[in-house]
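Report on the structure
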Amino acid sequence: MIFSFLAGQTAWAANPRQMLWDAKNSFRSNGDTRRPSGASPAKLIAAQARQEANVDQLNFIQQTAAVQLVLPPNIVSAPATASPAVYSEFTDLSLNSLDIDAYAPPNDPLYGLQWGLSSVRAQAAWDFTRGSGSVVAVIDSGVDLDHPDLAGNIWTNLAELNGSPLVDDDHNGFIDDFQGWDFANDDNLPDDDYGLGTYVAGLIGAIGNNGIGCIGIAPEAKILPIKVLNSSGSAYLSDVEDGIRYAANAGADVINLSLGFYSSGITPGDFTSFQSAIDYAQSHGSVVVVSAGNQGEDVSVRYPAAFPQVITVGATTSSNTLASFSNRGSGLDLVAPGADIASP
């Protein structure tokens, strides 16, 4: 669906002693942290670590608030109160003295419905850059690798593509990872069997001026698909951590996390492993951008949105007000279009 905004549904919830395996909150009641056959040691180690940390409960939720990094011209940091607010503290950038080639309106048939792009003045930004040379890792449910509006912008691992079959040619620990990695199924096909990742990837990097579908905010950027959510929208926290490190090692300029986890009884100190993964990405030059969440609550109890190392983005409406579902508070770094957004 073109206008399906996937508000925060429960993707997975887990007690450290009762690993959730499906999206219906069906717990492994015997307290066994083992996965079905094929579980990697990293996942079991992470499960044990969560037990030792004695964290009472983690709730892992998917979110699809805006992923654009462009701040609407008349909105600054969202207020801490629940009431939406509009500000006018930005002045227009004069382009008269710049020698540029103007980017004409794209011919993508649904461009006229993409109100978020006009709200952030994307067409003017495209005169400067369209994302060429940048890699954006989408850590989510995978990406439809054959989607006509995305296939041409999918990142390719040339070392593996030009290497030998069944050999880890680039020595990164992943064999034949031609177009990213599927941590949910431990294979090299990060295809989307849930839908969320393709939606997010389209917002970021749908190809422009190809006469079909939509256009992304960065229509010439490369999308690095990293699948951590399975077909039910479930995930292991350790898979997300591994995905962050994989993206950083692959040279991602931006790592997008349109997902999150929360609990009123936990603090960032309970997630040292996750924070270490974010620190690792930043040390490799990656910017980590996360959704604020869609519960209409203070972002301070949502992770990774509450981590100080990340850029946390809330959602606005077509009237340039904070969306009622968007999380809010002083922890927001940016707000951007995030309600009824068209995507492939």
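Conventions we followed
Residues numbered from 1 in each chain as written. Predicted model: local features only at pLDDT ≥ 70, side-chain atom pairs only at ≥ 80, totals over all residues. Heavy atoms only, no water. Helix = DSSP H or I, 4+ residues; strand = E, 2+ residues; numbered from the N terminus. Buried < 20%, exposed > 50% of the residue type's maximum accessible area, 1.4 Å probe, protein only. Contact = heavy atoms within 4.5 Å. Areas by Shrake-Rupley, 256 points an atom, 1.4 Å probe, with all protein chains shown as cover. Polar contact = N/O pair within 3.5 Å; in protein donor to acceptor, adjacent residues only side chain to side chain. Phe/Tyr/Trp six-rings, centres within 6.5 Å; stacked < 30°, edge-to-face > 60°. Pairing = 2+ DSSP bridges. Axes fitted to C-alpha atoms, helices over the stretch in contact; angles between N-to-C directions. Salt bridge = Lys/Arg side-chain N within 4 Å of Asp/Glu carboxyl O. pLDDT = per-residue confidence, 0-100. Core = buried A, V, L, I, M, F, W, Y, C linked by side-chain atoms within 4.5 Å. Expected span 1.5 Å × (residues − 1). Arc of directions from axis to C-beta.

**A word on the overall build of the chain**
In terms of regular secondary structure, the chain is built from seven helices and 11 strands. Residues counted as buried form 51% of the 344 residues belonging to the chain. Contacts in the chain between residues far apart in sequence, at least 24 positions, make up 71% of those at least 6 positions apart. When the accessible surface of the chain is summed, it comes to about 14,300 Å², and 52% of that surface belongs to carbon and sulfur atoms.

**Examining the side chain of Ser 258**
Counting through the fold element by element, Ser 258 comes out in the loop between strand E6 (254–257) and strand E7 (259–262). Looking at Ser 258, the relative accessible area reads 1%, which means it is buried. At a separation of 3.0 Å, a polar atom in the side chain of Ser 258 contacts the side chain of Asn 256.

**Some remarks on the packing of aromatic side chains**
Going through the model one piece at a time under the given rule, you end up with eight aromatic pairs. Centroid distance Phe 174 to Phe 183: 5.5 Å. Interplanar angle 75 degrees. Geometry classified as edge-to-face. Summarising the burial analysis for this pair, Phe 174 and Phe 183 share the class buried. On the numbers, 5.0 Å between centres and 90 degrees between planes, the contact of Phe 174 with Tyr 246 is edge-to-face. Separated by 72 residues along the polypeptide, Phe 174 in the loop between helix H4 (158–161) and strand E4 (181–182) and Tyr 246 in helix H6 (residues 237–249) bring together distant segments of the chain. Here Phe 174 matches Tyr 246 in class, with each residue buried. Three or more aromatic residues joined by ring pairs make a cluster, and in this case those are Phe 174, Trp 181, Phe 183 and Tyr 246.

**Some details on the sheet that holds strand E8 (residues 287–291)**
Within the open sheet, the seven strands sit side by side as E4-E5-E3-E6-E8-E10-E11. Their pairing is parallel. Across the chains shown, the open sheet's two edge strands, defined by having one partner strand only, are E4 and strand E11 (334–337). Relative to strand E10 (residues 311–316), E8 runs parallel, the two sharing three bridges. Pairing of Ser 291 across the sheet is with Val 313, part of E10. Relative to the sheet, helix H5 (residues 196–205) contacts strand E3 (135–140), strand E5 (222–227) and E6, its axis offset from that of E3 by approximately 160 degrees.

**Overview of unusual backbone geometry**
Cis peptide bonds are those with omega within 30 degrees of zero, and the linkage from Tyr 303 to Pro 304 qualifies with 10 degrees. Along the chain, Pro 304 turns up in the loop between strand E9 (302–303) and E10. Backbone geometry at Leu 166 places phi at a positive 60 degrees, although glycine is not the residue there. Residue classification places Leu 166 among the exposed residues on the basis of a relative accessible area of 72%.

**Re the pattern of salt bridges**
Any two side chains of opposite charge can pair, so long as their charged atoms come close to each other. The full count for this structure, using the stated rule, is three salt bridges. Note that Arg 130 and Glu 220 form a salt bridge whose closest N and O atoms lie 3.9 Å from each other. Taken together, the residues span a long stretch of sequence, with Arg 130 in the loop between helix H3 (122–125) and E3 and Glu 220 in the loop between H5 and E5 at a distance of 90 residues. Exposure remark for Glu 220: the relative accessible area of 37% places this residue in the partly exposed category. Measuring nitrogen to oxygen at the nearest pair gives 2.7 Å for the salt bridge that ties Lys 227 to Asp 193. Taken as a pair, Lys 227 in strand E5 and Asp 193 in the loop between E4 and H5 lie far apart in primary sequence, 34 residues in all.

**Points about the confidence of the model for the chain**
Summing up the model confidence of the chain, the mean pLDDT is 75 and the portion of residues at 70 or higher is 68%. Overall, residues 1–100 carries pLDDT values under 50, and its contacts beyond four positions in sequence, including any with other chains, amount to 241 contacts.

**Side note on the nonpolar core**
Leu 224, Ile 226, Ile 244, Ile 255, Leu 257 and Phe 274 are the most contacted members of the largest nonpolar core, which totals 69 residues. Once residues lying within four places of it in the same chain are set aside, the contact partners of Ile 244 are Ile 139, Ile 255, Leu 257, Phe 274, Ala 277, Ile 278 and Ala 281.

**With respect to H5**
Burial within H5 is extensive, with 10 of its 10 residues counted as buried. By the burial criterion, the buried members of H5 are Leu 196, Gly 197, Thr 198, Tyr 199, Val 200, Ala 201, Gly 202, Leu 203, Ile 204 and Gly 205.

**So, the environment of Ala 281**
Mapped onto the fold, Ala 281 is located in helix H7 (residues 272–283). A relative accessible area of 0% means that Ala 281 is categorised as buried. Sequence separation of Ala 281 and Gly 251 is 30 residues, and the distance between their C-alpha atoms is 9.3 Å. Ignoring any residue separated from it by four or fewer positions in sequence, one finds Ala 281 in contact with Ile 244, Ala 248, Ile 255, Ser 286 and Val 288.

**Quick notes on H7**
Between its first and last C-alpha, H7 extends 16 Å over 12 residues, near the 16 Å set by a 1.5 Å rise per residue. Buried within H7 we find Phe 274, Gln 275, Ala 277, Ile 278 and Ala 281. The buried residues of H7 occupy an angular sector of 155 degrees when projected down its axis, which confines them to one face. Looking one or two places after H7, you find Gly 285, whose phi comes out positive at around 90 degrees.

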